[in-house]
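So the chains spell out like this:
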Amino acid sequence: MNTNEAAVSVLQYYIDEHLFEPKSNWPKDRFGGQSYSRWAAYELQGRIIEESLRLPPHLTITGREQKTPIEIIEEFISEMEYFSEMAEMNDNRRCQFIFSVAKETAKEILDLFL
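The text that follows walks through the structure, step by step, so that each part is easy to find. (Residues numbered from 1 in each chain as written. Predicted model: local features only at pLDDT ≥ 70, side-chain atom pairs only at ≥ 80, totals over all residues. Heavy atoms only, no water.)

1. Section: the nonpolar core
Note that soluble globular proteins tend to have their nonpolar side chains buried in a common cluster. Residues Leu44, Ile48, Ile73, Phe76, Ala106 and Ile109 are the most contacted members of the largest nonpolar core, which totals 23 residues. Among the elements that make up this core, the one with the highest residue count is helix 4 (residues 93-113) (seven residues). If sequence neighbours within four positions are ignored, Phe76 has contacts with Trp39, Ala40, Glu43, Leu44, Arg47, Ala102 and Ala106. (Core = buried A, V, L, I, M, F, W, Y, C linked by side-chain atoms within 4.5 Å. Buried < 20%, exposed > 50% of the residue type's maximum accessible area, 1.4 Å probe, protein only. Helix = DSSP H or I, 4+ residues; strand = E, 2+ residues; numbered from the N terminus. Contact = heavy atoms within 4.5 Å.)

2. Section: the environment of Tyr36
You can see Tyr36 is positioned in helix 2 (residues 28-52). For the pair Tyr36 and Asn92, spaced 56 residues apart in sequence, the C-alpha to C-alpha distance is 16 Å. What Tyr36 contacts, discounting residues up to four positions off in sequence, is Arg94, Phe97, Ile98 and Val101.

Structural data, given as structure tokens:
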């Protein structure tokens, strides 16, 4: 099992154990928070899988190395931070909440890899 496959497995285990499907009778904010956390985790899984499908650097024009799962997660955290700040500047509390939850979820996931 390579690094990316292992990362995808770790993420799936984390999702199964900690980010189970929210229940329809949960309070709206808790339901939303759990949903956004699940989205963030699945988004990270997708990005890691997508990166693992890149051709090796010697077969590409750019010669770019594949990003590691940690680099992908750190990049996602930066993106969510940026989007959260943009939402705050535009006084969009809902979007700020979504991106803040995603950022915190990604930070928790990053801790699994450090």
